[in-house]
Amino acid sequence: GSSSTSALFSSAFSLHISTSNHVMALLHAKRLSLAVADEIANLAIRAAQTNSFAPVSVCVMDPQGAEIVTKRMDGCPPMAFAPLALAKANTCVSIKMSTRAFGNKYLKASDGVSPSTSDVYIRGLNQVISLNGNMVAFPGGVLIRDKEDGGVVGSVGVSGAAGDEDEFCALVGVHRCSAAEGLVTEPSTHTCATASNHGLD
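No experiment lies behind these values; they were computed from the predicted model shown. (Residues numbered from 1 in each chain as written. Predicted model: local features only at pLDDT ≥ 70, side-chain atom pairs only at ≥ 80, totals over all residues. Heavy atoms only, no water.)

Asker: Looking at this model, I keep getting lost on the pairing of strand β6 (residues 152–159). Mind explaining?
Answerer: Working note: regular strand, side chains alternate between the two faces of the sheet. Burial analysis of β6 places 8 of its 8 residues in the buried class, which makes it a mostly covered element. Across 5 bridges, the pairing between strand β3 (residues 57–61) and β6 is antiparallel. Looking at the pairing, C59 lines up with G157 of β6. Summarising the sheet, strand β5 (residues 141–146) and β6 pair through 5 bridges and their orientation is antiparallel. Bridge assignment links I144 to a residue of β6, and that residue is G154. Between the end of β5 and the start of β6, which pair antiparallel, lie 5 residues, with G150 showing a positive phi angle near 80°. (Buried < 20%, exposed > 50% of the residue type's maximum accessible area, 1.4 Å probe, protein only. Helix = DSSP H or I, 4+ residues; strand = E, 2+ residues; numbered from the N terminus. Pairing = 2+ DSSP bridges.)

Written out as structure tokens, the structure reads:
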């Protein structure tokens, strides 16, 4: 219902034009609320702790690329992994795909194994350069969509452990949060072989 939706999301902006008999919505966007973003970050950190991964940094971002929550575990080097977590989250909302998908698209050939051709690689590199290097092409950035309409509501980037472990933590954060029923992630599942509990829910 509308009351539950408002608790899960905050409205970023809305513009309406009144006509003779109705109101037409021209622009409307949802984004993760502060409470849900904080929950996602905490759950991602808990996943790293319970699986004995290396300490991580987590960044949860809104659809416009603004940080909602950033957290860093004790022992996680701040100069490297906090900026990488932000770059992962930024990649997702900038190009509407996960960092794993971005890497697969521009670093690998269609067989998913061989390196991409130089022209494809250059296209990916140009995107990174155009965003001042604030993009990455390896796992750990997860895109978050509204299950109802498919719109992007935010992203989460995790960095500090291995790439598959970072992605696992990010996915756990979203799939176990109180808003999970109304959200979908890209990717939808993980490939982490080192997680002690492989389930996301």
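There is more to say, and it comes next.
Asker: Could you clarify how one ought to interpret the sheet that holds strand β7 (residues 183–186) in this entry?
Answerer: Taken together, 5 strands build an open sheet; the order of strands is β4-β3-β6-β5-β7 and the sheet is antiparallel. Strands with a single pairing partner mark the edges of an open sheet, and in this sheet they are β4 (67–72) and β7. Along the sheet, successive strands turn relative to each other by an average axial angle of 15°, direction set aside. Helix α2 (residues 34–50) rests against β3, β4, β5 and β6 of the sheet, and its axis sits at about 25° to β4. On the sheet, helix α3 (residues 78–95) packs against β3, β4, β5 and β6 and is oriented at approximately 155° with respect to β6. (Axes fitted to C-alpha atoms, helices over the stretch in contact; angles between N-to-C directions. Contact = heavy atoms within 4.5 Å.)

None of this, on its own, says anything about what the molecule does.
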